[in-house]
Amino acid sequence: KAWGYGGDLGCDTDYAAINEHPTQVLNGIVAPDLTPHPGAWEVKQVQAPVAFTATEESLRQGVVTVHNKHQFLDLGHLELRWEVTEDGRAVQSGRLPMPAVPADEQADISLPITAITAPQAGAEYWLNLRAVLAADQPWAEQGHDITWAQFALPCHKAGGTVSPTGMPVLTL
């Protein structure tokens, strides 16, 4: 299977007139068969109508801020799914209805996160958030990702030290 463009079909396009270069074809955010290119995920995130922010202090309290970037729609049609991971493994998770934050407004959300009082030495802890559709819509099914965010949680315990004695000699 091969994908063609105007030049392949015998047309004589004046690329200067349409402000394009003749080698810039088939390089959009989706392929001709609508398969997303990797940049599609970046575009989806940058243009998402919802955003999350947090500070180190707010994360200690289990609070994140949701920003509604819609022009007219509140966020009542969404669900918030969250998880806390330890070195990539989920250790806490849950779902909350998204507050009906009005268009172009923001609100704080308190997550029912259990404080990590005894972190594992050297482990990394992350809070992952996903805003998803709470119900089917004409254009997507319930659970469709609208946006996502990830925050490093401020709970650290230094890892153990390794003594260099007994280690093999490194030669370059």
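Structure shown above.
Residues numbered from 1 in each chain as written. Predicted model: local features only at pLDDT ≥ 70, side-chain atom pairs only at ≥ 80, totals over all residues. Heavy atoms only, no water.

1. So, the sheet that holds strand β3 (residues 78–86)
Next, step 1: Here we have 4 strands laid out as an open sheet, ordered β4-β3-β6-β7, and antiparallel in their pairing. Looking at which strands have only one partner, the edges of the open sheet turn out to be β4 (89–97) and β7 (145–152). Across the sheet, the mean angle from the axis of one strand to that of its neighbour is 15°, orientation sign disregarded.
Next, step 2: Where β3 meets strand β6 (residues 125–133), 9 bridges bridge the pair, whose relative direction is antiparallel. Bridging from a neighbouring strand, Glu-83 pairs with Asn-128 of β6. (Pairing = 2+ DSSP bridges. Helix = DSSP H or I, 4+ residues; strand = E, 2+ residues; numbered from the N terminus. Axes fitted to C-alpha atoms, helices over the stretch in contact; angles between N-to-C directions.)

2. Points about unusual backbone geometry
Next, step 1: Positive phi, normally seen in glycine, also occurs at Leu-34, with a value near 70°.
Next, step 2: Relative to the elements of secondary structure, Leu-34 occurs in the segment before α1 (39–46).
Next, step 3: Accessibility expressed as a relative area gives 65% for Leu-34, which makes it exposed.
Next, step 4: Although it is not a glycine, Asp-104 sits at a positive phi angle of roughly 60°.
Next, step 5: Structurally, the position occupied by Asp-104 is in the loop between β4 and β5 (106–110).
Next, step 6: Residue Asp-104 is classed as exposed on the basis of its relative accessible area, which comes to 63%. (Buried < 20%, exposed > 50% of the residue type's maximum accessible area, 1.4 Å probe, protein only.)

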